[in-house]
Amino acid sequence: MTKKSTTEKTYQGIGVSPGVARGRIFVYSVAEEVVPDYEINAEDTAKEIARFEQALIKTREQLHDLQQRIASGTGSAAPSGIIDVHLSLTEDPALIDQVTNRINEEKHNVEYIFHDVSRRYIKTLSELPDEFFRERGADVQDVCRRILRNLLGHEHRELANLAPDTIVIAYDLAPTDTTALDRQHVIGFATDVGSHTSHTAIMARSMSLPAVVGLRDLSKHVHDGQLAILDGYSGTLIVEPSEQTLFVYGQLEVKRHSVEERLSQLRDLPAETLDNHRIAVAGNIELPDDIAGLKRVGAEGVGLFRTEFLYLKRDSFPTEQEQYDAYARVAREMKPHPVIIRTLDIGGDKFRSEDGEPAEINPFLGFRGIRFCLGSPQIFETQLRAILRASAEGNVLIMYPMISGVGEVIQANEFLEQVKADLRKEGVVFDENIQVGAMIEVPSAALTAEMIAQEVDFFSIGSNDLIQYTMAIDRVNEKVANLYEPTNPAILRLIRNTVESAHNNNIWVGVCGEMAGDPLYVPLLLGMGVDELSVGAASLPRVKEVTRRLTYKEAQDLAAASLHATNGRDVLAMLNALLERIDPDLMG
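Residues numbered from 1 in each chain as written. Predicted model: local features only at pLDDT ≥ 70, side-chain atom pairs only at ≥ 80, totals over all residues. Heavy atoms only, no water.

Quick look at the packing of helix α9 (residues 243-264) against helix α21 (residues 540-548) now. With their axes 9 Å apart at the nearest point, α9 and α21 run at an angle of 80° to one another. On the basis of the axis angle, α9 is roughly perpendicular to α21. Contact with α9, carried on its side by E260, R262 and L263, involves P541, R542 and E545 of α21 and no other residues of that element. Within the contact of α9 with α21, the residues separate by chemical class into two nonpolar, no polar and four charged. (Axes fitted to C-alpha atoms, helices over the stretch in contact; angles between N-to-C directions. Helix = DSSP H or I, 4+ residues; strand = E, 2+ residues; numbered from the N terminus. Parallel < 35°, antiparallel > 145°, perpendicular 65-115°, else oblique. Contact = heavy atoms within 4.5 Å. Nonpolar A, V, L, I, M, F, W, Y, C, P; charged D, E, K, R; others polar.)

See the structure below:
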């Protein structure tokens, strides 16, 4: 029996879902399956393929059952909706056709072939430059693990029947793991890997469970039964806390509960300063099911609908009707509030692995975003048709991602006008005055914003990529993560230029990156003249709160002082001082 530690130990990660949990640790690990490898006779290939088909059917049945249990157990469609993505993988030709073809060609048992195909597929996803898509590899890995276990006749271990007040610790948790958690007993979870955009984080927020990710090799240093405090606010896990720590956290929890109660009262109130300057506060979504969360906190629309989820892990692109159904649902549910639908923001390398094209040397600077769309007319036009059709169902706006210059906007608008003309000929109804916007997330776009503003109706600043490209860093590379500085003078000047260019041309400007959802930066963005902030549902009440606690004049003075600072540290100090003065409860 392992001797339990009596010394308090603190582990620091990334808090991705707020809340504090105090309970006992359960370390969840998934053992690697031993996969047999043997040759088969030509006449046995049909039997192996039939075994594969049966395993796929059984996997679908398991996922359908899991989906029903999740929906009935949580009363929410959001987590179970993600299971739809897993179900689609069991019908994905990119996996199925490769397996059946290789069985026929190589004459090996199906377990061996499937394991090799799925391993290569997961490896390809993990090497993609886009963090969002790299982390979708967890979906593929989870489904493939289920299929393999069904082929081997092994039971799929679920996170069920755990003791009350359990904090689950794992290297990683697949979405079906997190959705299967027994909400009566599991009070939080932490993982070695992950980020704010991982499915673990998304699911935690949708289920309102405290969660911390990015704890490196934590799962190797803790064991079942240890007492722990999981702090989703600060991203901290404290193992075997002392009496003093328990007391401190008890006091903090009372205070935080009081703050949350206060923030909940803001649902129907505007984000308006003490001197009556108002900004719009909208929400970012990935799935139509995310709308419920935005409504609960009083979002004034969808400031960023990331449409990439429709394209995940498919051998073919979604049809016009599939896209229309998703867009129209969001438009109807948010009506009359605006819904900004961003056109496809992925790189060509993510779906062209079978085309035999060489990998790009630097995909971050390659064929992605609007470049991909302009270079793939059929895909782009299909999405534009779906968005335009959905515009008849509500207040829909279109936004182009990764714009680097006015020429791309003009070209994209030409596509849009052609699609409009086609729909008119077909007698299809759409919003003739639909607004079109450009994301400003590339320095060249920020520097030429005056020209771009003449071709669009609004701007949305993508602060995450704007910082990354301006500072020449990969924000998910821990070796240079310290250089990711939102308050750097270069970033502030690019934001100011973008806002001024927008207003000079009588268009509005929003921010939809991480800066928008952090109470620390809200006064700065407000003072620079930003008209809208689009954030995650969990951050929205805090954005409203800080806006309602200061005057517009204070925000303007802060912005002016920040633009005269010679380094980001000084700006950060000013921001901290202001937040400490107007609402210290929102700090930390």
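The side-chain alternation of strand β8 (residues 236-239) yields two buried faces, one formed by T236 and I238 and the other by L237 and V239. For strand β1 (residues 9-12) and β8, the ladder comprises four bridges, and the chain directions are antiparallel. The residue bridging K9 from the neighbouring strand is V239, located in β8. (Buried < 20%, exposed > 50% of the residue type's maximum accessible area, 1.4 Å probe, protein only. Pairing = 2+ DSSP bridges.)

Okay, the nonpolar core next. Note that soluble globular proteins tend to have their nonpolar side chains buried in a common cluster. Counting 97 residues, the largest nonpolar core has V302, Y327, F380, Y400, F459, I495 and L533 as its most contacted members. I122, L125, V143 and C144 belong to the second-largest nonpolar core, a separate cluster that totals 25 residues. (Core = buried A, V, L, I, M, F, W, Y, C linked by side-chain atoms within 4.5 Å.)

This part takes up helix α18 (residues 489-504). With 16 residues, α18 extends 22 Å from end C-alpha to end C-alpha; this agrees with the ideal 22 Å at 1.5 Å per step. P489, I491, L492, L494, I495, T498, V499, S501 and A502 are the residues of α18 that are buried. Phi for N506, located one or two positions after α18, is positive at around 60°. (Expected span 1.5 Å × (residues − 1).)

Bringing the environment of I507 into the picture now. Residue position: I507 is located in the loop between α18 and β16 (508-511). Exposure remark for I507: the relative accessible area of 8% places this residue in the buried category. C-alpha separation for the pair I507 and D531, spaced 24 residues apart in sequence, amounts to 9.8 Å.

Turning our eyes to something else, we now look at the pairing of strand β10 (residues 278-285). Most of β10 sits inside the fold, with six of its eight residues counted as buried. Relative to β10, strand β9 (residues 271-272) runs antiparallel, the two being bridged by two bridges. Bridging across to β10, E272 finds its partner in R278. Here β9 folds back onto β10 in antiparallel fashion, the turn holding five residues, of which N276 has a positive phi close to 70°. Sheet analysis places β10 next to strand β17 (residues 532-535), joined by four bridges and oriented parallel. Counterpart to G283 in the pairing with β17 is V535. As paired strands, β10 and strand β11 (residues 302-306) are joined by three bridges and run parallel to one another.

Here the focus is the packing of aromatic side chains. Describing an aromatic ring pair means giving the distance of the ring centres and the angle of the ring planes. Taken as a whole, this structure holds five aromatic pairs when the rule is applied. With a centroid separation of 5.7 Å and 45° between ring planes, the pair formed by F52 and F114 is classed as tilted. Remark: F114 occurs in helix α4 (residues 110-126) and F52 occurs in helix α1 (residues 45-74); sequence separation between them is 62 residues. With respect to burial, F52 and F114 carry one shared label: buried. A centroid spacing of 4.7 Å and a plane angle of 10° characterise the contact between F458 and W508, whose relative ring orientation is stacked. Of this pair, F458 sits in strand β15 (residues 458-461) while W508 sits in strand β16; the two residues are 50 residues apart in sequence, bridging distant segments of the chain. Look at F458 and you get buried, because its relative accessible area is 0%. Given the relative accessible area of 25%, W508 is considered partly exposed. (Phe/Tyr/Trp six-rings, centres within 6.5 Å; stacked < 30°, edge-to-face > 60°.)

To continue, consider the pattern of salt bridges. The final tally for this structure, using the stated rule, is 28 salt bridges. We note a salt bridge from R267 to D268, for which the minimum N-O separation is 2.5 Å. For R267, a relative accessible area of 36% corresponds to the partly exposed category. D268 gets classed as exposed once you look at its relative accessible area, which sits at 64%. Ionic pairing is found between R385 and E426, a salt bridge with its closest N-O pair at 2.9 Å. Of this pair, R385 sits in helix α13 (residues 377-390) while E426 sits in helix α14 (residues 406-426), and the two are 41 residues apart along the sequence. Assessed through its relative accessible area of 19%, R385 is described here as buried. (Salt bridge = Lys/Arg side-chain N within 4 Å of Asp/Glu carboxyl O.)

The next point concerns the sheet that holds strand β3 (residues 20-28). Strands sit in the order β1-β8-β7-β3-β4-β5-β6-β2 across an open sheet of eight strands; the sheet is mixed. Both edges of this open sheet fall to β1 and β2 (14-17), since each of them pairs with a single strand only. Sheet twist, expressed as the average angle between the axes of neighbouring strands with direction ignored, equals 30°. The pairing of strand β7 (residues 227-231) with β8 spans four bridges and is classified as antiparallel. Bridging from a neighbouring strand, D231 pairs with T236 of β8. The sheet strands contacting α9 are β3, β7 and β8, and the helix crosses β7 at an angle near 35°.

Moving on, we come to helix α23 (residues 568-582). Compared with an ideal rise of 1.5 Å per residue, which puts 15 residues at 21 Å, α23 spans 21 Å between its outermost C-alpha atoms and is within 8% of the ideal. Of all the residues in α23, the buried ones are G568, V571, L575, L578, L579 and I582. Across the axial projection of α23, the buried residues extend over an arc of 95°, all falling on one side. In α23, the exposed positions that point more than 90 degrees away from the buried face belong to R569 and R581. Where the residues of α23 are buried, they touch α18, α20 (522-527), α21 and α22 (552-563). Its side-chain oxygen placed 3.1 Å from the backbone nitrogen of R569, N567 serves as the N-cap of α23. (Arc of directions from axis to C-beta. Polar contact = N/O pair within 3.5 Å; in protein donor to acceptor, adjacent residues only side chain to side chain.)

The subject of this paragraph is the packing of α13 against α14. Packed helix pairs are specified by the crossing angle of their axes together with the interaxial distance, meaning the distance between the axes. It is the contact of α13 with α14, at a shortest axis distance of 10 Å, that shows an interaxial angle of 60°. The pairing of α13 with α14 is recorded here as oblique in orientation. The element α13 and its partner α14 pack so that their crossing is right-handed. For the pair formed by α13 and α14, the contact residues are P377, F380, E381, L384, R385 and L388 on the first element and A412, F415, L416, V419, K420, D422, L423 and E426 on the second. Class assignment for the residues of the contact of α13 with α14 results in nine nonpolar, no polar and five charged. (Left-handed = near helix turned anticlockwise from the far one by under 90°.)

A contiguous nonpolar surface patch, about 260 Å² in accessible area, is contributed by F247, V248 and L252. Note on placement: F247 falls in helix α9. (Patch = residues over 30% accessible without salt bridge, like charges linked within 9 Å, V, L, I, M, F, W, Y side chains within 5 Å. Areas by Shrake-Rupley, 256 points an atom, 1.4 Å probe, with all protein chains shown as cover.)

All right, on to the confidence of the model for the protein chain then. Close reading of the predicted structure is inappropriate where its pLDDT is low. Of all residues in the protein chain, 82% attain a pLDDT of 70 or more, and the chain-wide mean is 84. Ignoring residues within four places in sequence, the model shows residues 1-5, a span with pLDDT below 50, making seven contacts including any to other chains. Segment residues 348-364 is flagged for pLDDT under 50; beyond a separation of four residues in sequence, or across chains, it makes 25 contacts in the model. (pLDDT = per-residue confidence, 0-100.)

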